[in-house]
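So you can see what is in the structure, the chains are spelled out below.
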Amino acid sequence: MSGLLNRPWVLFAPLPATAVGIVIAGAHGVSWVSYAPNLLGLLLGSGLFYVAQRVTGDKLTAWMPGVAAVAILATLLGPGIDGVYRWLSVGPLRLNASSAFAPWLLIGLSASRERPRMRAMVPVLVAQVAHVMQPDAGQATALAAALIPLLVNPSRIKPTIGIPLASAVTFLAAAAWLRHDPLPAVDHVERILVLASMTSVLLVVAVVLTGGGLLLPFVVPTETLLRGAVDQALACYFLASFVVPFVGNFPVPVFGAGAGPVLGWYALLSVRAIATQSAAP
(Lines give C-alpha, C1' and ligand atoms only; values in the text may rest on other atoms or scores of the structure.)
Protein backbone atom coordinates (compact mmCIF):
# COMPACT_ATOMS: atom_id res chain seq x y z
CA MET A 1 0.00 0.00 0.00
CA SER A 2 0.98 3.60 -0.32
CA GLY A 3 -0.08 7.08 0.75
CA LEU A 4 -2.96 7.35 3.19
CA LEU A 5 -3.71 3.64 3.04
CA ASN A 6 -0.38 2.96 4.73
CA ARG A 7 -1.20 5.12 7.77
CA PRO A 8 -2.60 3.21 10.78
CA TRP A 9 -5.15 5.90 11.72
CA VAL A 10 -7.02 5.25 8.47
CA LEU A 11 -7.91 1.76 9.67
CA PHE A 12 -9.63 3.21 12.73
CA ALA A 13 -11.37 6.16 11.02
CA PRO A 14 -14.87 4.67 11.68
CA LEU A 15 -14.28 4.66 15.45
CA PRO A 16 -14.66 8.44 16.03
CA ALA A 17 -17.73 8.54 13.76
CA THR A 18 -19.29 5.65 15.68
CA ALA A 19 -18.53 7.41 18.97
CA VAL A 20 -20.24 10.57 17.70
CA GLY A 21 -23.25 8.49 16.68
CA ILE A 22 -23.40 6.96 20.17
CA VAL A 23 -23.34 10.43 21.76
CA ILE A 24 -26.09 11.72 19.45
CA ALA A 25 -28.28 8.68 20.06
CA GLY A 26 -27.60 8.82 23.81
CA ALA A 27 -28.80 12.41 23.91
CA HIS A 28 -32.17 11.08 22.70
CA GLY A 29 -32.39 8.19 25.15
CA VAL A 30 -30.88 5.41 23.02
CA SER A 31 -28.49 3.07 24.85
CA TRP A 32 -24.97 2.56 23.51
CA VAL A 33 -25.83 -1.15 23.35
CA SER A 34 -27.68 -0.41 20.10
CA TYR A 35 -24.25 0.33 18.64
CA ALA A 36 -22.74 -3.02 19.62
CA PRO A 37 -23.11 -4.19 15.97
CA ASN A 38 -21.04 -1.18 14.85
CA LEU A 39 -18.27 -2.13 17.25
CA LEU A 40 -18.40 -5.72 16.01
CA GLY A 41 -18.26 -4.37 12.46
CA LEU A 42 -15.15 -2.37 13.37
CA LEU A 43 -13.40 -5.50 14.60
CA LEU A 44 -14.48 -7.70 11.70
CA GLY A 45 -13.96 -5.02 9.06
CA SER A 46 -10.44 -4.11 10.14
CA GLY A 47 -9.59 -7.81 10.31
CA LEU A 48 -10.99 -8.45 6.83
CA PHE A 49 -9.09 -5.46 5.48
CA TYR A 50 -5.88 -6.84 7.01
CA VAL A 51 -6.51 -10.25 5.41
CA ALA A 52 -7.44 -8.69 2.05
CA GLN A 53 -3.98 -7.11 1.84
CA ARG A 54 -2.43 -10.56 2.04
CA VAL A 55 -4.59 -12.17 -0.64
CA THR A 56 -3.60 -11.52 -4.23
CA GLY A 57 -5.78 -8.95 -5.94
CA ASP A 58 -6.43 -11.35 -8.83
CA LYS A 59 -8.11 -13.83 -6.50
CA LEU A 60 -10.38 -11.22 -4.97
CA THR A 61 -11.35 -9.67 -8.29
CA ALA A 62 -12.17 -13.17 -9.57
CA TRP A 63 -14.67 -14.22 -6.91
CA MET A 64 -15.68 -11.35 -4.63
CA PRO A 65 -18.17 -9.70 -7.05
CA GLY A 66 -19.98 -13.03 -7.37
CA VAL A 67 -19.99 -13.58 -3.60
CA ALA A 68 -21.34 -10.06 -3.07
CA ALA A 69 -24.13 -10.55 -5.62
CA VAL A 70 -25.15 -13.89 -4.07
CA ALA A 71 -25.18 -12.39 -0.56
CA ILE A 72 -27.44 -9.54 -1.71
CA LEU A 73 -29.69 -11.91 -3.66
CA ALA A 74 -29.94 -14.26 -0.65
CA THR A 75 -31.87 -11.63 1.30
CA LEU A 76 -34.89 -12.44 -0.86
CA LEU A 77 -35.03 -15.88 0.78
CA GLY A 78 -35.39 -14.44 4.28
CA PRO A 79 -38.59 -13.59 6.14
CA GLY A 80 -38.32 -9.85 5.46
CA ILE A 81 -40.09 -7.08 7.35
CA ASP A 82 -43.42 -5.80 6.03
CA GLY A 83 -42.55 -7.10 2.57
CA VAL A 84 -39.05 -5.59 2.53
CA TYR A 85 -36.08 -7.96 2.18
CA ARG A 86 -32.69 -6.38 2.87
CA TRP A 87 -31.19 -8.44 5.65
CA LEU A 88 -29.25 -11.61 6.33
CA SER A 89 -29.78 -13.16 9.76
CA VAL A 90 -26.53 -13.85 11.59
CA GLY A 91 -27.53 -15.36 14.92
CA PRO A 92 -29.46 -12.66 16.81
CA LEU A 93 -28.21 -9.95 14.43
CA ARG A 94 -29.70 -8.80 11.14
CA LEU A 95 -27.08 -7.64 8.65
CA ASN A 96 -27.99 -5.21 5.89
CA ALA A 97 -26.43 -7.28 3.13
CA SER A 98 -26.08 -4.62 0.45
CA SER A 99 -24.51 -2.08 2.81
CA ALA A 100 -21.92 -4.70 3.74
CA PHE A 101 -21.28 -6.35 0.37
CA ALA A 102 -22.20 -3.96 -2.47
CA PRO A 103 -18.81 -2.16 -2.39
CA TRP A 104 -17.15 -5.47 -3.27
CA LEU A 105 -19.00 -5.37 -6.60
CA LEU A 106 -16.67 -2.51 -7.56
CA ILE A 107 -13.50 -4.56 -7.20
CA GLY A 108 -13.94 -6.31 -10.53
CA LEU A 109 -14.66 -3.13 -12.48
CA SER A 110 -11.74 -1.43 -10.70
CA ALA A 111 -9.26 -4.03 -11.99
CA SER A 112 -6.43 -2.95 -14.26
CA ARG A 113 -7.10 -5.84 -16.68
CA GLU A 114 -10.03 -6.13 -19.06
CA ARG A 115 -11.04 -9.71 -18.31
CA PRO A 116 -12.08 -9.23 -14.64
CA ARG A 117 -13.85 -6.01 -15.61
CA MET A 118 -15.98 -7.83 -18.18
CA ARG A 119 -16.61 -10.75 -15.82
CA ALA A 120 -17.88 -8.42 -13.07
CA MET A 121 -20.76 -7.08 -15.15
CA VAL A 122 -23.10 -10.00 -14.49
CA PRO A 123 -22.83 -9.80 -10.67
CA VAL A 124 -23.42 -6.05 -10.90
CA LEU A 125 -26.66 -6.53 -12.82
CA VAL A 126 -27.79 -9.36 -10.52
CA ALA A 127 -27.25 -7.16 -7.46
CA GLN A 128 -29.06 -4.21 -9.00
CA VAL A 129 -32.05 -6.39 -9.91
CA ALA A 130 -32.05 -7.66 -6.32
CA HIS A 131 -32.16 -4.06 -5.09
CA VAL A 132 -35.35 -3.53 -7.09
CA MET A 133 -36.88 -6.71 -5.69
CA GLN A 134 -35.95 -6.03 -2.04
CA PRO A 135 -36.62 -3.02 -2.57
CA ASP A 136 -33.62 -0.88 -1.60
CA ALA A 137 -33.57 2.35 -3.58
CA GLY A 138 -30.81 3.78 -1.39
CA GLN A 139 -28.28 1.09 -2.20
CA ALA A 140 -29.45 0.91 -5.81
CA THR A 141 -28.71 4.63 -6.13
CA ALA A 142 -25.33 4.46 -4.38
CA LEU A 143 -24.25 1.54 -6.54
CA ALA A 144 -25.37 3.26 -9.75
CA ALA A 145 -23.53 6.44 -8.72
CA ALA A 146 -20.35 4.41 -8.23
CA LEU A 147 -20.69 2.39 -11.42
CA ILE A 148 -21.24 5.24 -13.84
CA PRO A 149 -17.65 6.66 -13.67
CA LEU A 150 -16.31 3.15 -14.28
CA LEU A 151 -18.69 2.25 -17.10
CA VAL A 152 -18.62 5.45 -19.15
CA ASN A 153 -14.81 5.67 -19.16
CA PRO A 154 -13.82 4.50 -22.67
CA SER A 155 -10.29 3.66 -21.53
CA ARG A 156 -11.74 1.00 -19.20
CA ILE A 157 -14.92 -0.27 -20.90
CA LYS A 158 -15.83 -0.15 -24.57
CA PRO A 159 -18.62 2.44 -25.03
CA THR A 160 -20.77 -0.11 -26.86
CA ILE A 161 -20.82 -2.14 -23.63
CA GLY A 162 -20.29 0.43 -20.89
CA ILE A 163 -22.93 2.97 -21.88
CA PRO A 164 -25.81 0.45 -22.21
CA LEU A 165 -24.80 -1.10 -18.88
CA ALA A 166 -24.61 2.33 -17.22
CA SER A 167 -28.08 3.06 -18.60
CA ALA A 168 -29.35 -0.28 -17.28
CA VAL A 169 -28.09 0.21 -13.71
CA THR A 170 -29.47 3.77 -13.70
CA PHE A 171 -32.86 2.55 -14.94
CA LEU A 172 -32.92 -0.16 -12.25
CA ALA A 173 -32.07 2.42 -9.57
CA ALA A 174 -35.01 4.54 -10.76
CA ALA A 175 -37.23 1.45 -10.73
CA ALA A 176 -36.27 0.76 -7.11
CA TRP A 177 -37.56 4.21 -6.12
CA LEU A 178 -40.92 3.35 -7.68
CA ARG A 179 -41.35 0.26 -5.48
CA HIS A 180 -43.47 0.63 -2.34
CA ASP A 181 -41.26 0.80 0.77
CA PRO A 182 -43.44 0.83 3.93
CA LEU A 183 -40.71 0.70 6.57
CA PRO A 184 -40.65 3.70 8.92
CA ALA A 185 -37.39 5.37 9.86
CA VAL A 186 -35.57 4.36 13.05
CA ASP A 187 -34.14 7.55 14.51
CA HIS A 188 -30.74 6.18 15.56
CA VAL A 189 -30.31 4.30 12.26
CA GLU A 190 -31.75 6.41 9.46
CA ARG A 191 -32.24 9.84 11.08
CA ILE A 192 -29.10 10.15 13.19
CA LEU A 193 -27.88 13.19 11.23
CA VAL A 194 -31.23 14.90 11.71
CA LEU A 195 -30.97 14.18 15.45
CA ALA A 196 -27.50 15.76 15.47
CA SER A 197 -28.87 18.96 13.93
CA MET A 198 -31.62 19.00 16.57
CA THR A 199 -29.24 18.46 19.46
CA SER A 200 -26.15 20.65 19.28
CA VAL A 201 -24.04 22.71 16.89
CA LEU A 202 -20.99 21.03 18.42
CA LEU A 203 -22.35 17.63 17.41
CA VAL A 204 -22.93 18.86 13.86
CA VAL A 205 -19.29 20.02 13.76
CA ALA A 206 -18.21 16.63 15.14
CA VAL A 207 -20.21 14.89 12.40
CA VAL A 208 -18.54 17.01 9.71
CA LEU A 209 -15.04 16.39 11.07
CA THR A 210 -15.39 12.66 11.65
CA GLY A 211 -17.31 12.25 8.39
CA GLY A 212 -14.43 13.97 6.63
CA GLY A 213 -12.12 11.39 8.17
CA LEU A 214 -14.25 8.64 6.65
CA LEU A 215 -14.17 10.25 3.20
CA LEU A 216 -10.48 11.21 3.18
CA PRO A 217 -9.04 7.82 2.14
CA PHE A 218 -11.14 7.91 -1.02
CA VAL A 219 -10.42 11.44 -2.23
CA VAL A 220 -6.68 11.90 -1.56
CA PRO A 221 -4.68 10.22 -4.36
CA THR A 222 -2.06 7.63 -3.54
CA GLU A 223 1.29 7.64 -5.29
CA THR A 224 0.33 4.92 -7.75
CA LEU A 225 -3.42 5.11 -8.30
CA LEU A 226 -4.39 7.54 -11.02
CA ARG A 227 -6.86 10.30 -10.28
CA GLY A 228 -9.59 8.77 -12.34
CA ALA A 229 -12.55 6.47 -12.52
CA VAL A 230 -11.74 4.27 -9.51
CA ASP A 231 -11.31 7.21 -7.13
CA GLN A 232 -14.48 8.80 -8.49
CA ALA A 233 -16.44 5.56 -8.14
CA LEU A 234 -15.52 4.99 -4.49
CA ALA A 235 -16.13 8.62 -3.53
CA CYS A 236 -19.47 8.64 -5.37
CA TYR A 237 -20.63 5.50 -3.56
CA PHE A 238 -19.65 6.93 -0.19
CA LEU A 239 -21.25 10.32 -0.80
CA ALA A 240 -24.43 8.88 -2.28
CA SER A 241 -24.79 6.63 0.78
CA PHE A 242 -24.90 9.78 2.92
CA VAL A 243 -27.33 11.63 0.65
CA VAL A 244 -30.04 8.96 0.29
CA PRO A 245 -31.02 8.94 4.01
CA PHE A 246 -32.22 12.52 3.52
CA VAL A 247 -34.70 11.46 0.84
CA GLY A 248 -35.70 8.02 2.10
CA ASN A 249 -35.54 5.73 5.12
CA PHE A 250 -32.06 4.31 4.60
CA PRO A 251 -29.26 3.75 7.15
CA VAL A 252 -26.69 6.49 7.65
CA PRO A 253 -23.22 4.95 7.19
CA VAL A 254 -21.21 4.43 10.41
CA PHE A 255 -23.00 7.19 12.40
CA GLY A 256 -26.21 5.16 12.43
CA ALA A 257 -26.54 1.91 14.37
CA GLY A 258 -25.78 -1.19 12.31
CA ALA A 259 -22.82 -3.33 11.27
CA GLY A 260 -23.54 -3.39 7.52
CA PRO A 261 -22.40 0.14 6.61
CA VAL A 262 -19.28 -0.24 8.78
CA LEU A 263 -18.32 -3.44 6.95
CA GLY A 264 -19.10 -1.66 3.68
CA TRP A 265 -16.68 1.17 4.55
CA TYR A 266 -13.90 -1.37 5.07
CA ALA A 267 -14.88 -3.03 1.80
CA LEU A 268 -14.43 0.31 0.01
CA LEU A 269 -11.04 0.73 1.70
CA SER A 270 -10.03 -2.77 0.58
CA VAL A 271 -11.11 -2.10 -3.01
CA ARG A 272 -9.03 1.06 -3.12
CA ALA A 273 -5.98 -0.63 -1.60
CA ILE A 274 -6.16 -3.49 -4.10
CA ALA A 275 -6.71 -1.12 -7.02
CA THR A 276 -3.68 0.86 -5.85
CA GLN A 277 -1.54 -2.27 -5.74
CA SER A 278 -2.64 -3.40 -9.20
CA ALA A 279 -1.85 0.08 -10.60
CA ALA A 280 1.68 0.01 -9.18
CA PRO A 281 4.39 -0.35 -11.84
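Remember, predicted model here, so these are calculated numbers, not experimental data.

## Digging into the overall build of the protein
Line of reasoning, step 1. Counting its secondary structure elements, the protein contains 15 helices and two strands.
Line of reasoning, step 2. In summary, the protein has a C-alpha radius of gyration of 18 Å against a globular reference of 19 Å for 281 residues, a match within 12%.
Line of reasoning, step 3. In the protein, which comprises 281 residues, the proportion classed as buried is 52%.
Line of reasoning, step 4. Of the contacts made within the protein by residues no fewer than 6 positions apart, 79% connect residues no fewer than 24 positions apart.
Line of reasoning, step 5. With the model as given, the accessible surface of the protein reaches about 12,300 Å², and the carbon-plus-sulfur share is 70%.
Line of reasoning, step 6. Computed over 15 positive and 9 negative side-chain charges, the separation of the two mean positions in the protein equals 10 Å.

## A look at the nonpolar core
Line of reasoning, step 1. Counting residues in hydrophobic clusters, the biggest one holds 77 residues, and the most contacted among them are L105, L106, L109, I192, L214, F255 and W265.
Line of reasoning, step 2. Considering every element that reaches this core, the biggest residue donor is helix α15 (residues 259-279), with ten residues.
Line of reasoning, step 3. Not counting the four nearest positions on each side in its chain, F255 is found in contact with A17, V20, G21, Y35, I192, L193, V207, T210, G211, L214 and F242.

## Structural notes on a nonpolar patch on the surface
Line of reasoning, step 1. On the surface, F12, L15, W32, V33 and L39 cluster together into a nonpolar patch covering about 500 Å² of accessible area.
Line of reasoning, step 2. Turning to its location among the elements, L39 is positioned in helix α3 (residues 36-52).
Line of reasoning, step 3. Given a relative accessible area of 31%, L39 falls into the partly exposed group.

Definitions and cut-offs
Residues numbered from 1 in each chain as written. Predicted model: local features only at pLDDT ≥ 70, side-chain atom pairs only at ≥ 80, totals over all residues. Heavy atoms only, no water. Helix = DSSP H or I, 4+ residues; strand = E, 2+ residues; numbered from the N terminus. Rg over C-alpha atoms; globule rule 2.2 N^0.38 Å. Buried < 20%, exposed > 50% of the residue type's maximum accessible area, 1.4 Å probe, protein only. Contact = heavy atoms within 4.5 Å. Areas by Shrake-Rupley, 256 points an atom, 1.4 Å probe, with all protein chains shown as cover. Lys, Arg positive; Asp, Glu negative; His and termini not counted. Charge placed at Lys NZ, Arg CZ, Asp CG, Glu CD. Core = buried A, V, L, I, M, F, W, Y, C linked by side-chain atoms within 4.5 Å. Patch = residues over 30% accessible without salt bridge, like charges linked within 9 Å, V, L, I, M, F, W, Y side chains within 5 Å. Salt bridge = Lys/Arg side-chain N within 4 Å of Asp/Glu carboxyl O.

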